[in-house]
Amino acid sequence: MKTIMVIGAGQMGGGIAQVAAQAGYSVILNDIKEEFVNRGFGIIQKNLSRSVEKGKLQAEEKDLILGRITKSVSLQDAASADLVIEAAVENMGIKAQIFSQLDVICPEHTILSTNTSSLPITEIGAFTKRPDRVIGMHFMNPVPVMKLVEVIRGLATSDEVYNTIETLSIKMGKTPVEVNDAPGFVANRILIPMINEAVYTLYEGIASVEAIDNVMKLGMNHPMGPLALADLIGLDTCLSIMEVLHEGLGDKYRPCPLLRKYVKAGWLGRKSGRGFYKYDA
Ligand SMILES: CC(=O)CC(=O)SCCNC(=O)CCNC(=O)[C@H](O)C(C)(C)COP(=O)(O)OP(=O)(O)OC[C@H]1O[C@@H](n2cnc3c(N)ncnc32)[C@H](O)[C@@H]1OP(=O)(O)O
Ligand SMILES: NC(=O)C1=CN([C@@H]2O[C@H](COP(=O)(O)OP(=O)(O)OC[C@H]3O[C@@H](n4cnc5c(N)ncnc54)[C@H](O)[C@@H]3O)[C@@H](O)[C@H]2O)C=CC1
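Definitions and cut-offs
- Residues numbered from 1 in each chain as written.
- Chains lettered and ligands numbered in written order.
- Predicted model: local features only at pLDDT ≥ 70, side-chain atom pairs only at ≥ 80, totals over all residues.
- Heavy atoms only, no water.
- Near = heavy atom within 4 Å.
- Polar contact = N/O pair within 3.5 Å; in protein donor to acceptor, adjacent residues only side chain to side chain.
- Areas by Shrake-Rupley, 256 points an atom, 1.4 Å probe, with all protein chains shown as cover.
- Helix = DSSP H or I, 4+ residues; strand = E, 2+ residues; numbered from the N terminus.
- Nonpolar A, V, L, I, M, F, W, Y, C, P; charged D, E, K, R; others polar.

> Describe the site of ligand 2, naming the residues involved and giving the relevant values.
The environment of ligand 2 is made up of 26 residues, and the closest members are Asp31, Glu90, Lys95, Ser117 and Ile233. Asn115 places a polar side-chain atom, nitrogen or oxygen, 3.0 Å from an oxygen atom of ligand 2. A distance of 2.6 Å separates an oxygen atom of ligand 2 from a polar atom in the side chain of Ser117. For ligand 2, the accessible surface in isolation is 840 Å², of which the surrounding protein chains cover 89%. Among the secondary structure elements, those contributing two or more residues to the shell around ligand 2 are helix H1 (11–22), helix H2 (34–53), helix H4 (92–105) and strand E6 (134–139).

> Talk me through the site of ligand 1; I want residue IDs and the actual numbers.
Surveying the vicinity of ligand 1 reveals 18 residues, the closest of which are Lys54, Lys56, His138, Asn141 and Asn188. A distance of 2.7 Å is found between an oxygen atom of ligand 1 and a side-chain nitrogen or oxygen belonging to Lys54. At 2.7 Å from a nitrogen atom of ligand 1 is found a main-chain nitrogen or oxygen belonging to Asn141. Protein contact buries 60% of the 1,000 Å² of open area that ligand 1 shows by itself. Those elements that place two or more of their residues in the shell around ligand 1 are H2, helix H7 (187–203) and helix H9 (226–233). Residue composition of the shell around ligand 1, grouped by class: 10 nonpolar, 5 polar and 3 charged.

As structure tokens, this is what we get:
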């Protein structure tokens, strides 16, 4: 495996492109507009510069890593990829379009993976004629820091593809954990209902934003409170995941009306400058 295409240069796609380039792969970073690709590339540059300042990376190494990343705004560039990691928005319609096009563009050997937080891998595989070569590769945010990758088999995913992705995850400095295809997989089946419950706690006036986060930070040693974490993940993404859990697992997983309201207001967390907290642009 030589070339990895990352689709979506947002907070996850940018992080995935960074760790793939750091692991020595040629990376094609793709998004729908040049400005989005440039923004993602700029964040990678900033992250690597910070590592150089801290003495954790040589300046020449930084240039080598950046030199492995090519920018792209055309899905046709997937023709030269051995692996695609899709990290576009959490929306089945968009993922359906991307995967059916990739299936036509990519050579037979190319593995098509998705960083989806919750959408069924089996269904995504069915948008292609190669469901045996479709797999979930679920990185955690922030990607350069978090060790876990959930590797999710769809119904048809082959053992060969699973083994390749497991080995690749280790080469990227991550610890793969095998998970079956089910709503929210493991990470978000457990995490996002906790976040939703924190939003209910706020909605019902039980405590303030800061108090809720302090309870979980000081009482449970979580590195950040659930509302600050929701702002990091993106409230739109949290809501999409909750909707998948609700649809797949029943009423216990109903998204909190306050979460819906914030998303409707465009208060999406850090990426929009406001969520449960306010952020500087
Ligand atoms: C929704 C899904 O589908 C799945 C998910 O991803 S759920 C979200 C999972 N993620 C979490 O739960 C994150 C919980 N939070 C944390 O672990 C920590 O608060 C944190 C890592 C985000 C920040 O850690 P911190 O100690 O408070 O801050 P800070 O000292 O600034 O950062 C620690 C290190 O991480 C790095 N870092 C922090 N944010 C970063 C980012 N966005 N990108 C790259 N590096 C980052 C820092 O540069 C620093 O690196 P060094 O150790 O080399 O100096
Ligand atoms: N935010 C998080 O904490 C995590 C998110 N994920 C998943 O990763 C994926 C991306 O999430 P984020 O990076 O947070 O979103 P984001 O909103 O930061 O970035 C998404 C990017 O995809 C681009 N995009 C949209 N349609 C596209 C298309 N057709 N082709 C190419 N690019 C397209 C957008 O322009 C945007 O730059 C989602 O599936 C999400 O569920 C997975 C783990 C953690």
